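# Coordinate inspection notes
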Amino acid sequence: DAGVTQSPTHLIKTRGQQVTLRCSPKSGHDTVSWYQQALGQGPQFIFQYYEEEERQRGNFPDRFSGHQFPNYSSELNVNALLLGDSALYLCASSLEGGATTIQYFGAGTRLSVL
Amino acid sequence: AQSVAQPEDQVNVAEGNPLTVKCTYSVSGNPYLFWYVQYPNRGLQFLLKYITGDNLVKGSYGFEAEFNKSQTSFHLKKPSALVSDSALYFCAVRDEENTGFQKLVFGTGTRLLVSP
């Protein structure tokens, strides 16, 4: 049973470019959340997708957008990259419903913006 | 708004000794609390959770955590540390006001270093 998988593992972009990160959830999971982890910090919630819709959003600008596909996989898009967007981007999947729900994380995509 | 604080950037302990990693929380209602561990170049791995019930929660790899409502704390503990426990540990709280959305708020992390 594959866990949460993310691609690519590493990515280098320049300021102003656009980037797409991908996530496949754990088998049987229907909810995907994205987090940004800056160096030396804890993960910060970007947004969550359920039933192909953005359900909740953290304090991130509109440059950050996403999508969820019918097979529950998800993409995170960041436009007009800034140096401050350099971070580890984590995808977490879970099963909708219940306070006991656990989020399972992928290994992340490390984005470097030069 | 909910938040968690991890007051120690780093905890040092000798192998075989007990370890404690501290976490305090702030929520408006009942807390849903989690501990995760992150190894280098890896994602976060779930260790344990507190939702309700027994104040001592047992988790993976011999870890346990003690919930204390009066002190608003959720400290991670292990009776005997291993060198392989060296990693970055994160405490997290779920937004109780929106439990259906599952958003997690994380602390800044505590680096645990276990020496041989």
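The following paragraphs examine the structure supplied in this document.

Thresholds applied
Residues numbered from 1 in each chain as written. Chains lettered and ligands numbered in written order. Predicted model: local features only at pLDDT ≥ 70, side-chain atom pairs only at ≥ 80, totals over all residues. Heavy atoms only, no water. Helix = DSSP H or I, 4+ residues; strand = E, 2+ residues; numbered from the N terminus. Rg over C-alpha atoms; globule rule 2.2 N^0.38 Å. Buried < 20%, exposed > 50% of the residue type's maximum accessible area, 1.4 Å probe, protein only. Salt bridge = Lys/Arg side-chain N within 4 Å of Asp/Glu carboxyl O. 1 Å grid on protein atoms, 1.4 Å probe; cavity = no way out; pocket = protein on both sides within 12 Å on 5 of 7 lines; lining within 4 Å. Points joined across faces, edges and corners; volume = space filled by probe spheres on them. Nonpolar A, V, L, I, M, F, W, Y, C, P; charged D, E, K, R; others polar. Disulfide = S-S within 2.5 Å.

Moving on: the overall build of chain A. Counting its regular elements, chain A contains 0 helices and 11 strands. Going residue by residue from the N terminus, the α and β elements of chain A occur as β-β-β-β-β-β-β-β-β-β-β. Relative to the globule expectation of 13 Å for 114 residues, the C-alpha radius of gyration of chain A, 13 Å, shows essentially globular dimensions. Looking at the 114 residues of chain A, the share that counts as buried comes to 49%.

Bringing the pattern of salt bridges into the picture now. All names here are of chain B. Within the structure shown, the criterion is met by 6 salt bridges over all chains. We note a salt bridge from glutamate 64 to lysine 58, for which the minimum N-O separation is 3.0 Å. With a relative accessible area of 62%, lysine 58 lands in the exposed category.

What the largest pocket holds in volume is close to 360 Å³. What lines the largest pocket is a set of 18 residues, among which Gln37 and Gly40 of chain A together with Gln38, Leu88 and Arg111 of chain B lie closest to the centre. The set of elements that each furnish at least two residues to the lining of the largest pocket consists of strand 9 (87–94) of chain A together with strand 10 (87–94) of chain B. Residue composition of the lining of the largest pocket, grouped by class: 8 nonpolar, 7 polar and 3 charged. Approximately 210 Å³ is the volume found for the second largest pocket. At the level of secondary structure, the elements contributing two or more residues to the lining of the second largest pocket comprise strand 5 (44–50) of chain A together with strand 11 (104–106) of chain B. No other element matches strand 11 of chain B, which puts 3 residues into the lining of the second largest pocket. Across the lining of the second largest pocket, the residue classes break down as 6 nonpolar, 3 polar and 1 charged.

This part covers the state of the cysteines. By definition, a disulfide links two cysteine residues through a covalent bond between their sulfur atoms. According to the stated counting rule, one finds 2 disulfides over all chains in the structure shown. What pairs with cysteine 23 of chain A in a disulfide is cysteine 91 of chain A, and their sulfur atoms sit 1.8 Å apart. Negative torsions about the S-S bond denote left-handed disulfides, and the value of about -60° found for cysteine 23 of chain A with cysteine 91 of chain A makes this one left-handed. Of the two residues, cysteine 23 of chain A sits in strand 3 (residues 19–24) while cysteine 91 of chain A sits in strand 9, which places them 68 residues apart along the sequence. One disulfide bridge connects cysteine 23 of chain B with cysteine 91 of chain B, the sulfur atoms lying 2.0 Å from each other. An S-S torsion of about -60° defines the bridge between cysteine 23 of chain B and cysteine 91 of chain B as left-handed. With cysteine 23 of chain B in the loop between strand 3 (19–21) and strand 4 (24–26) and cysteine 91 of chain B in strand 10, the pair connects residues that are 68 residues apart, well separated along the chain. Here cysteine 23 of chain B falls in the buried class, since its relative accessible area comes to 0%. Judged by its relative accessible area of 0%, cysteine 91 of chain B falls in the buried class.

Moving on to unusual backbone geometry. The linkage connecting serine 7 of chain A with the following residue, proline 8 of chain A, adopts the cis geometry, with an omega of -10°. Relative to the helices and strands, proline 8 of chain A is located in the loop between strand 1 (5–7) and strand 2 (10–13). Despite not being glycine, glutamate 51 of chain A shows a phi value in the positive range, around 50°. Residue placement: glutamate 51 of chain A occurs in the loop between strand 5 and strand 6 (53–57). Positive phi, normally seen in glycine, also occurs at tyrosine 61 of chain B, with a value near 60°.

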